[in-house]
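# Structure at a glance
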2 protein chains.
Amino acid sequence: MSGLPNYQCSCGRSYAPSAERWRCDCGGLLDLPAGPLVWNPRAGDHSLWRYRDAIAVPGRELSLGEGMTPLVDASLDGEPGVRLKLEYASPTGSFKDRGAVMLVALARLLGASRLVADSSGNAGTAVAAYAARAGLPAEIFVPAGTSEKKLLQIRGHGAEVTVVDGSRKDTAAAAAGRVEATGAFYASHVYNPYFYEGTKTYALEVFEQLGGTAPATLVLPAGNGTLVLGAYLGFAGLRAAGLVDRLPRIVAVQAERCAPLAAAFAAGREEVAPVAPEPTVAEGIAIAAPARGAHMLRAVRETGGTVVTVSEEEVARSHASLAARGLWVEPTGAVAYAAVRRLRSEGSPYAEGEIVAPLCGSGLKASL
Amino acid sequence: MSGLPNYQCSCGRSYAPSAERWRCDCGGLLDLPAGPLVWNPRAGDHSLWRYRDAIAVPGRELSLGEGMTPLVDASLDGEPGVRLKLEYASPTGSFKDRGAVMLVALARLLGASRLVADSSGNAGTAVAAYAARAGLPAEIFVPAGTSEKKLLQIRGHGAEVTVVDGSRKDTAAAAAGRVEATGAFYASHVYNPYFYEGTKTYALEVFEQLGGTAPATLVLPAGNGTLVLGAYLGFAGLRAAGLVDRLPRIVAVQAERCAPLAAAFAAGREEVAPVAPEPTVAEGIAIAAPARGAHMLRAVRETGGTVVTVSEEEVARSHASLAARGLWVEPTGAVAYAAVRRLRSEGSPYAEGEIVAPLCGSGLKASL
């Protein structure tokens, strides 16, 4: 009815999209059909919607101009071949806008009357902002300890905030419970595959901004994997369409203190086992049990990439190094660049050739 | 030597640009020659540098991707004809990046070894960020009471902060004193005309984003007038080049509590007399004695525009109204939209036809 492709589960089931459907009856994750994409950027459109022929589009009247973030050299002198993508110059200050706009557009198209989301921060803010833009009521579940500043913004956008006295995982469970109980649309950046249609545009922009080529390496922070998987899908679609002849290596980056993906990768496993996280300044990627962990492992391996971890000190030093060159990010936003510095200082083969890394969230988001 | 046009003063003097020259020997303000601009946007460039043929360019290797901010409808339903330009989706979170990048590029071109700037907030942050990007040391003078958060960012970018125990005007005097004493480059958003070459691109983007037309009205906040004058210069250049046949009316907006331009306009004067300001939430435009006040009066009058004031309550209500539609601005950022609401609710002739208003600064900048 919606004109959208069916959701697919790896168990073989498929479903027509509806406002209530957010996972498979088997409990599995839903995806969209993959394949070659249509490369037809709309020259006059300076938002991610310029790539609307290349993604599964759930309607688009909702834009706040998200996407088309700057790609700049890491520094004016030195570090040739390292480019940073300023995802923080987004309407709500993080790359999560790419996915949030898709979810809210989809909710409208499917006739949802209410949204539920869970987030430790940037995704919840982005969903609240786009829900407000769409005139849809939203309820955002956040873990206890979320900063007052973030709560103020979420509430400012008219969303209801429910603080869950528990972990990030407990927060997700509470949100899913509310969805099941009320039939609300679950605007989940983990479960809903349209979020990844949005983050896919990260790859499409990099490709276009590099003059229609793929870099050697994409260094990407990895928590729930929204950017890792989106970037993978984008370049896989470009390759399937014959526009690039190889995938850039994906180097996924985690904080040492919460690194389930790194552990699974190093052990050669195909699934990611939960870890007991320690507190980290990189709170935006501190996901102890990523639901799409197996997807991430496959993406990293298929590209010939790897998973690295960075210490608290490396994140802090990279944050300072970026600030000293005019780039103001929240601590999590310095994670990818910390990995770039490490790989280059070690002379790692993953540091050979052109590297692109995102600066995901604005330093203005950090509390003071 | 620099290949740049001479600075001109209304007294008749002119000067080759140099790192030390920031005002006329008569004390007057320096401008650049006006005239038709060259309209040749570079399609592949998604920053304000796509208009480099249309402005006096002081070098450009410095970009953080500033400019090309989104232009969106004020709301999905209702308010047809009101468009908002999301200047807050800029590298440092405000439109001041447009001018700051020009000043720092100029400083490099002229061989400056040190920058001085004065600002109550966003301009200082922007100059600090771009100076860091360029590797140039900077000293930013701020008035006492500037938020810790702003100071943290300015210092994070490696700039020295000098807190002046006095008014905004005292702060400017202290900065000018330091410039005179040390020969530093004065990166002044008030005095240096290249700042306005940067803010000119606001107009060029509006023109291009509206499909090569001028809106009926530009509603613009007015403190020192950086955006009012830049927008005026941009459309004046387009008109001189025969690309538009009229200038959009400029409606300049001030806070009731600090409205020297409004007073001068209402009295039919040609100069702006200083006022004794009261505290206002619109701190970003609380300029009691704008140095370019006469320029602003001429620009507003030539376009058939006007000057309006908004109350603290109107700013607060507009801030909430924007947030409820997904747009998160600092209080000053709601000023222009507050005026739009007032003009429309009054059925003012200035509200007829298409209106464009900027959202100048990110809500993430506000302290909490």
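Criteria and cut-off values
Residues numbered from 1 in each chain as written. Chains lettered and ligands numbered in written order. Predicted model: local features only at pLDDT ≥ 70, side-chain atom pairs only at ≥ 80, totals over all residues. Heavy atoms only, no water. Salt bridge = Lys/Arg side-chain N within 4 Å of Asp/Glu carboxyl O. Helix = DSSP H or I, 4+ residues; strand = E, 2+ residues; numbered from the N terminus. Buried < 20%, exposed > 50% of the residue type's maximum accessible area, 1.4 Å probe, protein only. Least-squares fit on C-alpha atoms with pLDDT ≥ 70 in both. Contact = heavy atoms within 4.5 Å. 1 Å grid on protein atoms, 1.4 Å probe; cavity = no way out; pocket = protein on both sides within 12 Å on 5 of 7 lines; lining within 4 Å. Points joined across faces, edges and corners; volume = space filled by probe spheres on them. Domains from an automatic or database assignment. Pairing = 2+ DSSP bridges. Axes fitted to C-alpha atoms, helices over the stretch in contact; angles between N-to-C directions. Right-handed = clockwise from strand over helix to strand, strands pointing away. Expected span 1.5 Å × (residues − 1). Buried area = accessible area lost by both parts, 1.4 Å probe. Polar contact = N/O pair within 3.5 Å; in protein donor to acceptor, adjacent residues only side chain to side chain. Nonpolar A, V, L, I, M, F, W, Y, C, P; charged D, E, K, R; others polar. Disulfide = S-S within 2.5 Å. Phe/Tyr/Trp six-rings, centres within 6.5 Å; stacked < 30°, edge-to-face > 60°. Lys NZ or Arg CZ within 6 Å of the ring centre and 35° of its normal.

It is worth spelling out the pattern of salt bridges at this point. This model, assessed by the stated rule, comprises 38 salt bridges over all chains. A salt bridge links Glu61(B) to Arg108(B); the nearest nitrogen and oxygen atoms lie 3.0 Å apart. Of this pair, Glu61(B) sits in the loop between strand E3 (30-31) and strand E4 (71-73) while Arg108(B) sits in helix H1 (residues 96-109), and the two are 47 residues apart along the sequence. Exposure remark for Glu61(B): the relative accessible area of 49% places this residue in the partly exposed category. Each of Lys85(A), Glu87(A), Arg98(A) and Glu205(A) takes part in a single network of salt bridges with overlapping partners.

Let us look at the relation of the copies chain A and chain B. One copy of the chain maps onto the other through a rotation about an axis followed by a shift along the same axis. Rotating chain A by 180° about the axis while translating it 0.0 Å along that axis superimposes it on chain B, leaving an RMSD of 0.0 Å. Between the two chains, the operation in question is that of a two-fold axis. In this assembly the copies share their binding face: 100% of the residues contributing to the interface of chain A also contribute to that of chain B.

All names here are of chain B. Of the pockets and cavities examined, the second largest pocket occupies roughly 960 Å³. Considering the residues around the second largest pocket, the lining is formed by 40 residues, among which Arg-168, Lys-169, Ala-286, Ile-287 and Ala-288 are closest to the centre. Broken down by element, the residue count for the lining of the second largest pocket peaks at five residues, all from helix H4 (residues 168-182). Composition of the lining of the second largest pocket by domain shows at least three residues from each of domain 1 (66-90 + 197-358) and domain 2 (96-186).

Here the focus is the sheet that holds strand E12 (residues 306-310) of chain B. Residues and elements named next belong to chain B. Reading across the sheet, the six strands line up as E4-E5-E13-E10-E11-E12 and stay open at both edges, with mixed pairing between neighbours. Each edge of the open sheet carries a strand with a single partner, namely E4 and E12. Going from strand to strand, the sheet's axes swing by 25° on average, the running direction of each strand aside. Bridging between strand E10 (residues 217-221) and strand E11 (residues 249-255) involves five bridges; their strand directions are parallel. Note that in E11 the partner of Leu-220 across the bridge is Ala-252.

Here we take up the pairing of strand E7 (residues 138-143) of chain B. Side chains on a regular strand alternate between the two faces of the sheet. All names here are of chain B. Most of E7 is tucked away, with six of its six residues classed as buried. Alternating residues of E7 divide into Ala-138, Ile-140 and Val-142 and Glu-139, Phe-141 and Pro-143, and every residue in both groups is buried. The pairing of strand E6 (residues 115-118) with E7 spans four bridges and is parallel. For Ala-117, the partnering residue across the bridge sits in E7 and is Ile-140. Where the polypeptide runs from E6 across helix H2 (residues 122-134) and back to E7, its parallel neighbour, the crossover connection is right-handed. Of the pairings in the sheet, the one linking E7 to strand E8 (residues 160-164) comprises five bridges and is parallel in character.

With that out of the way, let us pick up helix H6 (residues 226-240) of chain B. For an α-helix the count is 3.6 residues per turn, leaving residues at separations of three or four pointing the same way. All names here are of chain B. With 15 residues, H6 ought to run about 21 Å at 1.5 Å a step, and its terminal C-alpha atoms sit 21 Å apart, in line with that. H6 sits mainly inside the fold: 12 of its 15 residues count as buried. Buried residues belonging to H6 abut H1, helix H5 (194-209), E10, E11, helix H8 (293-302) and strand E13 (355-358). Two residues or fewer past H6, Gly-242 is found with a positive phi of approximately 80°.

So, about the domain arrangement of chain A. Residue and element names in this part refer to chain A. Taken as a whole, chain A is organised into domain 1 (66-90 + 197-358) and domain 2 (96-186). Placing a centre on the C-alpha atoms of domain 1 and another on those of domain 2 gives a separation of 25 Å. Between domain 1 and domain 2, the residue contacts involve 16 residues of the former and 11 residues of the latter. In total, domain 1 and domain 2 occlude about 990 Å² of area from one another, counting both sides; carbon and sulfur atoms represent 47% of this. Where domain 1 touches domain 2, the interface holds three salt bridges. Here Glu-87 ties to Arg-98 by a salt bridge, and the two come within 2.7 Å at their closest N and O atoms. Summed over the shared surface of domain 1 and domain 2, the number is seven residue pairs in polar contact (both at pLDDT 80 or more). The element best represented in the side of domain 1 that touches domain 2 is helix H5 (residues 194-209), accounting for five residues. The residue inventory of the side of domain 1 that touches domain 2, partitioned by class, reads three nonpolar, seven polar and six charged.

Residue and element names in this part refer to chain A. Following the criterion strictly, the structure yields zero disulfides over all chains and no others. Cys-26 provides the cysteine sulfur closest to Cys-9, a residue in no disulfide bond, and the two sulfurs are 3.6 Å apart. You can see Cys-11 has no disulfide; the closest cysteine sulfur is in Cys-24, sitting 3.6 Å from it.

Moving on to the sheet that holds strand E9 (residues 185-186) of chain B. Residues and elements named next belong to chain B. The strand order across the open sheet built from four strands is E8-E7-E6-E9, with neighbouring strands paired in parallel fashion. One side of each edge strand has no neighbouring strand; the edge strands of this open sheet are E8 and E9. Packing against the sheet, H2 makes contact with E6 and E7, and its axis sits at approximately 170° to E7.

It is worth spelling out the packing of aromatic side chains at this point. Applying the stated criterion across every chain yields a total of 14 aromatic pairs over all chains. Pairing Trp22(B) with Tyr186(B) gives two aromatic rings, centres 4.9 Å apart and planes at 90°, and the pair type is edge-to-face. Of the two residues, Trp22(B) is situated in the loop between strand E2 (14-15) and E3 and Tyr186(B) in strand E9; the sequence distance between them amounts to 164 residues. According to the relative accessible area criterion, Trp22(B) is buried, its value standing at 7%. Just above the ring of Tyr15(A) sits the side chain of Arg21(A); from NZ or CZ to the centre is 3.8 Å.

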